[in-house]
Amino acid sequence: RLSERMARDNRLHAAAMLRAFDTIEMFQAFFAAQKITHIIPVATAAVRDAANGREFLAQLRRATGLKFRVLSGEEEAYYGTLGAINSMNLENGLVIDIGGGSTEIGQIKDRRFVRGFTSTLGAVRLTERYVKNDPATRADLSRLTGTIDAVFQSWDWMSVGKDDQFVGIGGT
């Protein structure tokens, strides 16, 4: 939930960054215990989109020694799709990866990534922007689904044929 509260000012906030630091330290302890030395850390939409994303990465590097690479939206779609292709018997279709700050769609043809797109339709970001009530009202949901529909309709290639598969992943 690194993108928590980003909808307000497009900045990463202290509580979310602290959770990220704690999580990275936990993984570093695991890597050390397992004697894993080759680590390729990457950052995704929350850091890519945040006004203070570069500052956050600099703090991470000073604290952990890790130099994170920020994935582009298409790279994020590619890696999510590649993971789905290699863990399931996917031949043709679409993979949707719903994260907190973004959602990526990857198209597969003959077990290969064809193209991918990213959007700011992350679960945390959308909830903060459109859901003003708990529980959500019909008006909240109408605004939310209207935004999602508009983005998906702009991707005219996004369709699933009779023999295609549509796979959803999240929290990656």
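Residues numbered from 1 in each chain as written. Predicted model: local features only at pLDDT ≥ 70, side-chain atom pairs only at ≥ 80, totals over all residues. Heavy atoms only, no water.

Q: Mind showing me how you'd approach the packing of aromatic side chains here?
A: Geometry of an aromatic ring pair is reported as the spacing of the ring centres plus the angle between the planes. Taken as a whole and assessed by the stated rule, the structure comprises 9 aromatic pairs. With a centroid separation of 5.8 Å and an interplanar angle of 90°, the aromatic rings of F21 and F56 are classed as edge-to-face. With F21 in helix α2 (residues 14–33) and F56 in helix α4 (residues 53–64), this residue pair connects regions lying 35 residues apart in the sequence. Since its relative accessible area comes to 2%, F56 is described here as buried. (Phe/Tyr/Trp six-rings, centres within 6.5 Å; stacked < 30°, edge-to-face > 60°. Helix = DSSP H or I, 4+ residues; strand = E, 2+ residues; numbered from the N terminus. Buried < 20%, exposed > 50% of the residue type's maximum accessible area, 1.4 Å probe, protein only.)

Q: Help me out: how do you make sense of the sheet that holds strand β5 (residues 112–119) in this one?
A: Consider a sheet: its strands pair through backbone hydrogen bonds, and that pairing is either parallel or antiparallel. Spatial ordering of the open sheet is given by β5-β4-β3-β6, a layout of 4 strands whose pairing is mixed. Looking at which strands have only one partner, the edges of the open sheet turn out to be β5 and β6 (165–170). Taking each pair of neighbouring strands and ignoring which way they run, the sheet shows an average axis angle of 15°. Here 7 bridges tie strand β4 (residues 103–109) to β5, and the two strands are oriented antiparallel to one another. Note that in β5 the partner of T103 across the bridge is S119. Contacts between helix α5 (residues 73–87) and the sheet are confined to β3 (93–98), β4, β5 and β6, with β5 contributing the most and set at about 130° to the helix. (Pairing = 2+ DSSP bridges. Axes fitted to C-alpha atoms, helices over the stretch in contact; angles between N-to-C directions. Contact = heavy atoms within 4.5 Å.)

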